[in-house]
Amino acid sequence: MLDHQRRFLDLALQRGVLRFGEFTLKSGRTSPYFFNAGLFDTGAALAHLGECYADALLASGLGFDMLFGPAYKGIPLATTVAVALAGRGHDVPVAFNRKEAKDHGEGGQLIGAPVRGRVLIVDDVITAGTAIRESIAIIRAAGGEPCGVLIALDRQERGQQGSRSAAQEVSAEFGIPVLAIAGLDDLLARADERPDLAAHKPALEGYRARYGSQPGE
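These numbers come from a predicted model, not from an experiment.

What follows concerns the environment of Gly43. Relative to the assigned elements, Gly43 resides in helix α2 (residues 43-60). By relative accessible area, Gly43 is classed as exposed at 60%.

Here is the structure:
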């Protein structure tokens, strides 16, 4: 496990973003853990989160020209990643969309830098992939080319149909990589390193055995 993955998981646990228990997901599944990125809700938490995103992105070696944050959660995330990248000597443009286009002022659906070149989409998670598909359409319509997706946590569980996860489906459909700071496998590895998490490991392993996606699918 890489240092930025440990820092991210520890931050998520500290902030209550990552919690253990019994949670009913939109899919109807009962999950032993829940991830709510909206609880990264202070300047310090967002700054640390942005650094984890930036480290994961730079470690991947993926080439990109700018960042795009899908409304709404992706907007602060792409912004904080851009700030973190600038602190590492990579000053890149950032843009995001509105849910509804304005017909006054500057108008339009997009805010920020012109969308051009290789555009990396930044979001919290991929559940059904709807926001990512909408973002890809917006980026292409504006003249940019989506080059990848960067998310915080990959639950690494298959969708309602087939053996692939939502992240794997997006990657296969559009031919772009989906990067994550950490995934369920990393959470399990962290549970081996932190005694306070050991009690949750059997439930996590059971969930992965039942709903986990297949690597490389």
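What follows deals with unusual backbone geometry. For the bond from Ala71 to Tyr72, the omega torsion is 5 degrees, close enough to zero to count as cis. Structurally, the position occupied by Tyr72 is in the loop between β3 (66-69) and α3 (74-87). Backbone geometry at Gln156 places phi at a positive 55 degrees, although glycine is not the residue there. Structurally, Gln156 can be placed in the loop between β7 (145-154) and α5 (166-174).

Taking 1.5 Å per residue, twelve residues should reach 16 Å; helix α1 (residues 3-14) reaches 16 Å between its end C-alpha atoms and fits that length. Listed as buried for α1 are His4, Gln5, Phe8, Leu9, Leu11, Ala12 and Leu13. Buried residues along α1 sit against β1 (18-24), β2 (30-35), α2, β7, β8 (178-183) and α6 (184-193). Of the residues trailing α1, Gly16 is marked for its positive phi of about 75 degrees.

To find the voids left in a structure, one rolls a probe of water-molecule size over its atoms. Taken as a whole, the largest pocket holds about 1,100 Å³ of empty space. Looking at side-chain class alone, the lining of the largest pocket contains 16 nonpolar, eleven polar and eleven charged residues. In this structure, the second largest pocket spans a volume of roughly 200 Å³. In terms of lining, the second largest pocket is formed by 14 residues, of which the most central are Gln156, Gln168, Asp185, Ser213 and Pro215. Those elements that place two or more of their residues in the lining of the second largest pocket are α5 and α6. Looking at the lining of the second largest pocket residue by residue, the classes come out as four nonpolar, seven polar and three charged.

Reading guide: rules and limits
Residues numbered from 1 in each chain as written. Predicted model: local features only at pLDDT ≥ 70, side-chain atom pairs only at ≥ 80, totals over all residues. Heavy atoms only, no water. Helix = DSSP H or I, 4+ residues; strand = E, 2+ residues; numbered from the N terminus. Buried < 20%, exposed > 50% of the residue type's maximum accessible area, 1.4 Å probe, protein only. Expected span 1.5 Å × (residues − 1). Contact = heavy atoms within 4.5 Å. 1 Å grid on protein atoms, 1.4 Å probe; cavity = no way out; pocket = protein on both sides within 12 Å on 5 of 7 lines; lining within 4 Å. Points joined across faces, edges and corners; volume = space filled by probe spheres on them. Nonpolar A, V, L, I, M, F, W, Y, C, P; charged D, E, K, R; others polar.

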